[in-house]
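# Working through the structure, step by step
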There are 2 protein chains.
Amino acid sequence: MIRSLCESSETERSRLIPGPIEVTDEVLFANAHPSMSHMSPDFALVFGDCIRMTRQLLYSKDAQPFLIAGSGTLGWDQVSANLVEPGENALVLHSGYFADSFADCLQTYGANVDQIKAEIGGAVKEADIERALQAKRYKIVTVTHVDTSTAVLSDIKAIANVVKRVSPDTLVVVDAVCSVASEEIQMDAWGIDVVLTASQKGLGTPPGLSIVVASQKAIQVFENRSTPVTTYYGSWKKWLPIMKAYGNNSAAYFATPPVNLIYAFHASLTQIMKGSVSLEQRFKFHQDVSRRIKKAAEEVGFKGVPLSEDVQANGMSALYFPDGFTASDIVPRLLKKDVVVAGGLHASIKDKYFRIGHMGVSVVDPSRGDVDKIISAVKESLAEAKASKQ
Amino acid sequence: MIRSLCESSETERSRLIPGPIEVTDEVLFANAHPSMSHMSPDFALVFGDCIRMTRQLLYSKDAQPFLIAGSGTLGWDQVSANLVEPGENALVLHSGYFADSFADCLQTYGANVDQIKAEIGGAVKEADIERALQAKRYKIVTVTHVDTSTAVLSDIKAIANVVKRVSPDTLVVVDAVCSVASEEIQMDAWGIDVVLTASQKGLGTPPGLSIVVASQKAIQVFENRSTPVTTYYGSWKKWLPIMKAYGNNSAAYFATPPVNLIYAFHASLTQIMKGSVSLEQRFKFHQDVSRRIKKAAEEVGFKGVPLSEDVQANGMSALYFPDGFTASDIVPRLLKKDVVVAGGLHASIKDKYFRIGHMGVSVVDPSRGDVDKIISAVKESLAEAKASKQ
């Protein structure tokens with residue numbers, strides 16, 4: 001419906017990139033809600049609902065969400081500047097591009113960072129984490145739940161378990177930008193202290209909202225800091241009272257929230273938490289679709305970047321081109337078939353693979369046909385590329 | 001048109017607060033543009049247009065815009081963390097609440113801050129600025145063009161002139177959150193080094209976009225830093241190559257931009273820069289409407305917070321209630337007449353005044369009737385309040 005209002009030639013395409021994903025018309029309508037006062041009671045209630053639904057989505061009773069205008073990256077700043085004091089140690093588990101960036105961010109705010117790097121396509125092994133935690137005292141351990149550069153899924157439940165056992169004071173921080181609402185995350189039961197994410201992936205909302213959720217243990221660590229917080233815009237000292245107020249359906253001011261985007265996020269969360277597909281079913285849908293796409297691609301000669309099935313993300317695929325083919329053989333052909341995918345991102349293998357996002361409405365609403373479309377487009381594009389080389 | 005799609009009871013009201021302001025249907029439609037890839041050529045062109053139009057809006061040939069997901073506050077972080085090195089001096093000119101916050105932000109990143117405070121309703125005097133600049137070497141001087149807490153307008157042209165004359169190396173930083181597109185700003189001709197603003201005020205776009213524009217001189221100062229930048233998300237080291245790429249209509253990635261909001265900003269900038277009302281006429285409209293509203297309110301006993309006409313903002317009014325009346329006498333009555341205004345914000349006079357925003361489409365499109373509506377609503381509300389006390 002909204003598509004017909006827009007003029008861009010791109011609007012008929014299926015965007016199957018790992019974010020920004022396709023979003024529902026209800027979410028787009030909500031994003032077109034007329035300008036509202038961020039101090040109005042109507043808006044405070046909507047914001048309050050978002051806080052409560054975000055908490056429920058992560059199976060938490062009392063974790064504290066922070067919803068702030070920004071991209072997912074702002075979540076790294078929040079963790080680095082609020083939870084780690086200059087000179088403290090952070091352990092970064094590396095399963096792709098985004099760990100390097102998170103490490104860079106932590107260092108910017110004065111942390112001493114150690115990284116454990118998995119081989120490309122692998123996740124960091126629990127034994128290596130255990131050894132590192134025994135050797136040094138770490139304030140936080142960070143793990144990328146799904147690294148968008150490799151489509152590698154890390155087992156955050158098992159990792160949190162190791163941390164609790166070996167170094168119970170260490171906070172477990174999950175970069176879940178590419179996993180929230182497409183992979184299960186049980187904050188309380190698994191002992192996760194921070195989940196940081198953004199609006200434009202599994203959460204099915206336009207980009208521009210940074211979403212960070214902190215356990216009460218993390219909030220306690222923040223409150224017991226001995227040095228001042230080293231950011232202003234991302235300071236929990238500023239935001240905590242604001243988020244607590246909105247959590248009680250009451251408006252408060254530090255910086256103007258992205259009002260329209262909060263309405264859009266509310267529309268999407270409502271569909272996710274109260275729609276006809278339950279949250280559990282949603283995760284199952286993502287698993288099934290992911291297997292279908294990966295299997296279909298592998299049947300014709302593509303090969304998944306993740307080294308084994310247990311580290312395969314469910315919301316996206318990273319696929320090596322068959323031998324003898326490159327991005328320029330395949331990606332432009334996909335585009336001609338109105339399918340937008342993403343190129344490679346991990347520097348060491350950049351030209352050898354491409355990425356498909358399969359999250360949100362493209363997955364849970366089969367009537368859109370996005371999944372069938374990408375599967376046949378991938379097969380046909382490769383066949384055409386083969387034919388053109390003969 | 002879009003109003004009819006939405007269900008909230010608030011959608012029939014005129015929001016005449018100093019941001020988020022009313023926005024046009026074209027802008028709301030653009031905000032409902034289907035999800036797009038931030039790496040697509042179509043989007044890069046739209047982003048490039050936004051960069052060029054932002055520069056033109058500020059009458060600059062070569063200043064560098066930074067368009068980043070965030071609120072106006074993020075602009076303070078960008079200035080504090082990119083342009084001032086820890087231990088350097090900053091002079092903050094105080095004409096209301098927002099100077100205290102900017103000073104707080106600068107101190108968070110390690111600046112030594114001095115403030116010159118005007119009396120409430122006044123702007124800082126040029127002689128005082130000159131004296132301060134002669135006494136100490138400052139890396140930057142910051143001035144709030146229009147302080148949203150007092151509706152005081154500072155003469156940034158005259159201030160920049162004093163700085164050039166007395167301390168030519170000092171950068172002139174203008175917090176123009178509440179002035180861009182409702183007050184004239186000539187970056188190049190007046191010698192302004194940074195203009196920082198946000199989308200939701202005179203720029204007529206939903207909130208969520210931080211807009212900072214830096215002169216080439218400021219970029220040079222940034223590039224000659226001797227210490228590392230102290231923010232990650234707001235780091236120009238990260239963003240400068242990205243903004244240069246988009247400025248050349250080519251996509252680049254550091255953090256996902258707020259794609260929909262960039263479309264909305266593009267729609268609004270197009271109306272501002274290429275619409276039937278020229279930019280010069282737009283400023284004139286704001287002056288005329290501002291005078292009309294202030295005059296009408298003063299005639300019935302309200303009194304402007306700004307101490308004299310030459311420090312009155314054109315995009316908003318801050319009005320003391322007549323003696324014997326408080327916010328609870330007036331504001332709920334305005335709301336009943338479907339007019340949303342803002343309460344007091346400056347701590348020392350918080351309960352004694354209220355604020356009206358008159359920016360953007362409410363001003364340049366008289367057919368909406370927003371201005372007539374607020375004028376009669378203010379008069380009627382006071383008359384009713386008087387009657388109820390008799």
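Residues numbered from 1 in each chain as written. Chains lettered and ligands numbered in written order. Predicted model: local features only at pLDDT ≥ 70, side-chain atom pairs only at ≥ 80, totals over all residues. Heavy atoms only, no water.

Naming follows an unreviewed UniProt entry, where chain A appears as alanine--glyoxylate transaminase of Suillus subaureus. Under the Cofactor (unreviewed entry) heading, UniProt states for chain A: "pyridoxal 5'-phosphate". The heading Sequence similarities (unreviewed entry) in the UniProt record of chain A holds the text "Belongs to the class-V pyridoxal-phosphate-dependent aminotransferase family." (UniProt positions renumbered as here; feature names shortened; annotations may be inferred.)

In this section: the interface of chain A and chain B. Tallying the contact residues gives 59 residues for chain A and 60 residues for chain B. Surface buried jointly by chain A and chain B totals about 4,500 Å² across both partners, of which 62% is contributed by carbon and sulfur atoms. Linking chain A with chain B are two salt bridges, by the criterion used here. Salt-bridge contacts for Lys238 of chain A lead to Asp104 of chain B; the nearest nitrogen and oxygen are separated by 2.6 Å. One can count 17 residue pairs in polar contact (both at pLDDT 80 or more) joining chain A with chain B. For the side of chain A that touches chain B, the secondary structure elements donating two or more residues are helix 1 (25-31), helix 3 (73-82), helix 4 (97-108) and helix 10 (259-274) of chain A. Broken down by element, the side of chain A that touches chain B gets its largest block of residues, six residues, from helix 4 of chain A. For the side of chain A that touches chain B, the per-class residue count stands at 30 nonpolar, 21 polar and eight charged. (Contact = heavy atoms within 4.5 Å. Buried area = accessible area lost by both parts, 1.4 Å probe. Salt bridge = Lys/Arg side-chain N within 4 Å of Asp/Glu carboxyl O. Polar contact = N/O pair within 3.5 Å; in protein donor to acceptor, adjacent residues only side chain to side chain. Helix = DSSP H or I, 4+ residues; strand = E, 2+ residues; numbered from the N terminus. Nonpolar A, V, L, I, M, F, W, Y, C, P; charged D, E, K, R; others polar.)

Let's shift gears to the packing of aromatic side chains. What the rule picks out here adds up to 33 aromatic pairs over all chains. Judged by centre distance (6.4 Å) and plane angle (55°), the ring pair of Trp76 of chain A and Phe98 of chain A falls under tilted. Remark: Phe98 of chain A occurs in helix 4 and Trp76 of chain A occurs in helix 3; sequence separation between them is 22 residues. On the basis of relative accessibility, which here comes to 5%, the residue Trp76 of chain A falls in the buried class. On the basis of relative accessibility, which here comes to 10%, the residue Phe98 of chain A falls in the buried class. Members of the aromatic cluster, joined through ring pairs, are Trp76, Tyr97, Phe98 and Phe102 of chain A together with Tyr232, Tyr233, Trp239 and Phe254 of chain B. (Phe/Tyr/Trp six-rings, centres within 6.5 Å; stacked < 30°, edge-to-face > 60°. Buried < 20%, exposed > 50% of the residue type's maximum accessible area, 1.4 Å probe, protein only.)

All names here are of chain B. The three strands lie next to each other as 11-12-14, forming an open sheet whose pairing is antiparallel. A strand with exactly one partner marks an edge of an open sheet, and here the two such strands are strand 11 (303-304) and strand 14 (353-357). Examined bridge by bridge, strand 12 (residues 316-320) and strand 14 share five bridges and lie antiparallel to one another. When the bridges of strand 14 are listed, Ala318 appears paired with Arg355. (Pairing = 2+ DSSP bridges.)

Moving on to a negative patch on the surface. Residues Glu126, Asp155, Glu298, Glu309 and Asp310 of chain A make up a contiguous surface patch of negative charge. Within the secondary structure, Asp310 of chain A sits in the loop between strand 11 (303-304) and strand 12 (316-320). (Patch = residues over 30% accessible without salt bridge, like charges linked within 9 Å, V, L, I, M, F, W, Y side chains within 5 Å. Areas by Shrake-Rupley, 256 points an atom, 1.4 Å probe, with all protein chains shown as cover. Lys, Arg positive; Asp, Glu negative; His and termini not counted. Charge placed at Lys NZ, Arg CZ, Asp CG, Glu CD.)

So, about the pattern of salt bridges. It is possible for side chains of opposite charge to pair when their charged atoms get near one another. Residue and element names in this part refer to chain A. In this structure the tally under the stated criterion is 40 salt bridges over all chains. Residues Glu88 and Lys139 are paired through a salt bridge, measuring 2.7 Å at the closest nitrogen-oxygen approach. In this pair, Glu88 is assigned in the loop between helix 3 and strand 3 (89-94) and Lys139 in the loop between helix 5 (126-135) and strand 5 (140-144), connecting sequence segments 51 residues apart. Its salt-bridge partner being Arg368, residue Asp370 comes within 2.8 Å of it at the nearest N-O pair. Overall, the relative accessible area of 28% leaves Arg368 in the partly exposed class. Salt bridges linked by common partners bring Arg15, Glu22, Arg368 and Asp370 together as one network.

Moving on, we get to the relation of the copies chain A and chain B. Between chain A and chain B, the superposition needs a rotation of 180° and an axial shift of 0.0 Å, giving an RMSD of 0.0 Å. Here the symmetry operator amounts to a two-fold rotation axis. Rotation axis and chain A: the residue whose C-alpha lies nearest the axis is Gly70 of chain A, separated from it by 2.3 Å. Counting the interface residues of chain A, we find that 100% of their copies in chain B are interface residues as well, pointing to one common contact surface. (Least-squares fit on C-alpha atoms with pLDDT ≥ 70 in both.)

In this structure's numbering, the residues bearing the UniProt feature "domain: Aminotransferase class V" (unreviewed entry) are residues 29-348 of chain A. Along residues 29-348 of chain A the backbone is 42% helical and 16% strand, and the end-to-end C-alpha distance reaches 41 Å.

All names here are of chain A. End to end, helix 4 covers 17 Å across 12 residues, agreeing with the expected 16 Å (1.5 Å per residue, within 8%). Looking only at helix 4, the buried set comprises Phe98, Ala99, Ser101, Phe102, Ala103, Cys105 and Leu106. Following helix 4 by one or two positions, Gly110 has its phi on the positive side, about 100°. (Expected span 1.5 Å × (residues − 1).)

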